[in-house]
Amino acid sequence: MGYKNVLLLVKVFSSLSVKERNGWTLSIYGDGPLLKDLQQYTSEYVRVYGFVQPKELSSIVKQHGFFLLLSELEHWGVAVHEAAIAGLPILVSKGVVAGDKFVDTRNGYVINPSSFELKSTLKKICQQKDSELLTMSEHSLKISHKPDYNYWIRQLMSTLEK
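Residues numbered from 1 in each chain as written. Predicted model: local features only at pLDDT ≥ 70, side-chain atom pairs only at ≥ 80, totals over all residues. Heavy atoms only, no water.

Caption draft 1: Local environment of helix α7 (residues 115-127). Here α7 spans 18 Å end to end across 13 residues, near enough to the 18 Å set by a 1.5 Å rise per residue. Among the residues of α7, those classed as buried are Leu118, Thr121, Leu122, Ile125 and Cys126. One face of α7 carries all of its buried residues, which in axial projection span an arc of 135 degrees. Where the residues of α7 are buried, they touch α1 (6-15), α2 (18-21), β3 (67-69), β4 (90-93) and β5 (108-111). (Helix = DSSP H or I, 4+ residues; strand = E, 2+ residues; numbered from the N terminus. Expected span 1.5 Å × (residues − 1). Buried < 20%, exposed > 50% of the residue type's maximum accessible area, 1.4 Å probe, protein only. Arc of directions from axis to C-beta. Contact = heavy atoms within 4.5 Å.)

The structure is reproduced here in structure tokens:
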């Protein structure tokens, strides 16, 4: 989980003021070597759940308002496609390949995962109006269902060449 920048995310989110967070909480799901480190940041606005069964994910996703994946390198990132299908606005790092296909300025943000850029983007997200988030959700759904076979072929060929 180190290369996924989860500790950076938790530290930066925790540094936001109550006003900047605007009622948002951060929920982290998944297991890995940093789980115990992450649990020390648990608070009223940061929740760490660990591993969940795949069959439970769809009901969990429906309870959240934004999806974040800040990996330094994620060769695909199927979770990004799943988040788009679920209609979530999305924040990904430039290291997440699926961000090229499923995230644009209408449904989310693609950033370098530096603490400065991450903090300013998290502030933006937390201050967005419900109507703006709804529009972003609708665009995520549109993007997720739009087939682009040439894109998939290029991605497959690129992966095979590596």
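Additional details are given in the paragraphs that follow.
Caption draft 2: Structural detail: the packing of α1 against α7. At their nearest, the axes of α1 and α7 sit 10 Å apart, and the two run at 55 degrees to each other. With respect to α7, the element α1 is oriented oblique. Like other packed secondary-structure pairs, α1 and α7 cross with a definite hand, here right-handed. Contacts between α1 and α7 involve Leu8, Leu9, Val12, Phe13 and Ser15 on the former and, on the latter, Ser115, Leu118, Lys119, Leu122 and Cys126. (Axes fitted to C-alpha atoms, helices over the stretch in contact; angles between N-to-C directions. Parallel < 35°, antiparallel > 145°, perpendicular 65-115°, else oblique. Left-handed = near helix turned anticlockwise from the far one by under 90°.)

Caption draft 3: Unusual backbone geometry, seen in detail. Its identity as a non-glycine residue notwithstanding, asparagine 5 has a phi of 60 degrees, on the positive side. Structurally, the position occupied by asparagine 5 is in the segment before α1. Judged by its relative accessible area of 12%, asparagine 5 is buried. Here asparagine 22, not a glycine, exhibits a phi torsion of approximately 55 degrees, which is positive. Among the structural elements, asparagine 22 can be located in the loop between α2 and β1 (26-29). Classification of asparagine 22 by relative accessible area gives partly exposed; the value is 43%.

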